[in-house]
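# Residue-level structural notes
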Amino acid sequence: MNISGLIITYNEEKNIQQVLECFGLCDEIIVIDSFSTDKTVEIAKTFPNVKVVQNKFEDFTKQRNLALDEAKNDWVLFLDADERITPPLKQEIIDEFKKPEQKDAYYFYRKFYFAQKPIHYSGTQTDKNFRLFRKSKARYTPDKKVHETLNVKGSVGELTNKLLHYSVSDYESYKQKMIHYGVLKGQELSLKGKKFNIFVQYSKTAFKFFKAYILRLGILDGKEGCQLSYLQSLSVFETYESLKKEQN
């Protein structure tokens, strides 16, 4: 079974070597890069089966759909730069393709890490995303600028072994990431005709923290659980700040 490995990047020199090594199952790797200013592209080009396409970043969905368009194979394995495939997960993928029939798309559950420390709660315990699928049966929904949604027109399965997700290398970089996500989400809401409401902003921000820290047991993750819950709620706050700016 031929598989295309796909990834979108921007200044990922600290991750690119390790994540590209996770595409050992793939006969080609497509890197959609948003004109990185570090060594991301230089490192990527040291891999013999990598094709780098540079495209100006507008939103995550457009970058992902461009990657699908560039892939020569129907089956694609789409990873983020901060994700890693473990040997058991790799073997599970191989075993799945040995079966007489496959699903059209597979969810991968993810194990979240905060500065190399595993996080067990804080809303991460049920985190999953589509990572392996037929591009002929799926496309990213165009009206989503962030937290992209894959629309699958076919059968769906789940793999048992978890993908490792090193999303937080340090507090400050993750804070900037969550603010960026909030800005894009606010632009998305504006395009959908949503109106800014300060009561909604503060109530949703407060509930997001309560949900992550109390309802989703972030309190059991210690200091990191509190920080994660705060940064998730900060992203909600910044969503409505962005929406307010879009309407001024």
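An account of the accompanying structure is given in this report. Just so it is clear, the structure is predicted and the values come from calculations on it, not from any experiment.

## Examining the overall build of the protein chain
- Along the backbone of the protein chain there are 7 helices and 11 strands.
- The globule rule puts the C-alpha radius of gyration for 248 residues at 18 Å, and the 19 Å found for the protein chain is close to it.
- Projecting the C-alpha coordinates of the protein chain onto the three principal axes gives extents of approximately 50 × 40 × 40 Å.
- At a minimum sequence separation of 6, the contacts of the protein chain that also span at least 24 residues come to 73%.
- Surface summary for the protein chain: the accessible area is close to 12500 Å², and the carbon and sulfur share equals 52%.
- Averaged over its 39 positive side-chain charges, the protein chain has a centre that lies 5 Å from the centre of its 33 negative ones.

## Examining the nonpolar core
- Membership of the largest hydrophobic core comes to 30 residues, with the highest contact counts inside it found for Leu6, Leu68, Phe78, Phe133, Leu150, Tyr174 and Leu228.
- Phe78 has contacts with Leu6, Ile7, Ile8, Arg64, Ala67, Leu68, Glu83, Arg131, Phe133 and Tyr140, leaving out every residue within four places of it along the chain.
- Of all hydrophobic cores here, the second largest spans 27 residues; its members include Ile3, Cys26, Leu77 and Ile93.

## Digging into the packing of aromatic side chains
- Per the stated rule, a full pass over the model turns up 12 aromatic pairs.
- Judged by centre distance (5.0 Å) and plane angle (75°), the rings of Phe57 and Phe60 are edge-to-face.
- Using a relative accessible area of 17% as the deciding quantity, one classes Phe60 as buried.
- A ring pair is formed by Phe60 and Tyr181, whose centres lie 5.7 Å apart and whose planes are at 80°; its orientation type is edge-to-face. Taken together, the residues Phe60 in helix α3 (residues 60-70) and Tyr181 in helix α5 (residues 171-191) connect sequence positions 121 residues apart.

## A closer look at the pairing of strand β8 (residues 128-134)
- Two elements, strand β4 (residues 75-78) and β8, share 3 bridges in a ladder whose sense is antiparallel. Across the sheet, the residue bridging to Val76 is Phe133, located in β8.
- Here strand β6 (residues 105-114) pairs with β8 via 5 bridges, running antiparallel. The partner of Ala105 across the bridge, within β8, is Phe133.

Conventions we followed
- Residues numbered from 1 in each chain as written.
- Predicted model: local features only at pLDDT ≥ 70, side-chain atom pairs only at ≥ 80, totals over all residues.
- Heavy atoms only, no water.
- Helix = DSSP H or I, 4+ residues; strand = E, 2+ residues; numbered from the N terminus.
- Rg over C-alpha atoms; globule rule 2.2 N^0.38 Å.
- Contact = heavy atoms within 4.5 Å.
- Areas by Shrake-Rupley, 256 points an atom, 1.4 Å probe, with all protein chains shown as cover.
- Lys, Arg positive; Asp, Glu negative; His and termini not counted.
- Charge placed at Lys NZ, Arg CZ, Asp CG, Glu CD.
- Core = buried A, V, L, I, M, F, W, Y, C linked by side-chain atoms within 4.5 Å.
- Buried < 20%, exposed > 50% of the residue type's maximum accessible area, 1.4 Å probe, protein only.
- Phe/Tyr/Trp six-rings, centres within 6.5 Å; stacked < 30°, edge-to-face > 60°.
- Pairing = 2+ DSSP bridges.

Honestly, that's just the spatial picture; any functional story needs more than this.
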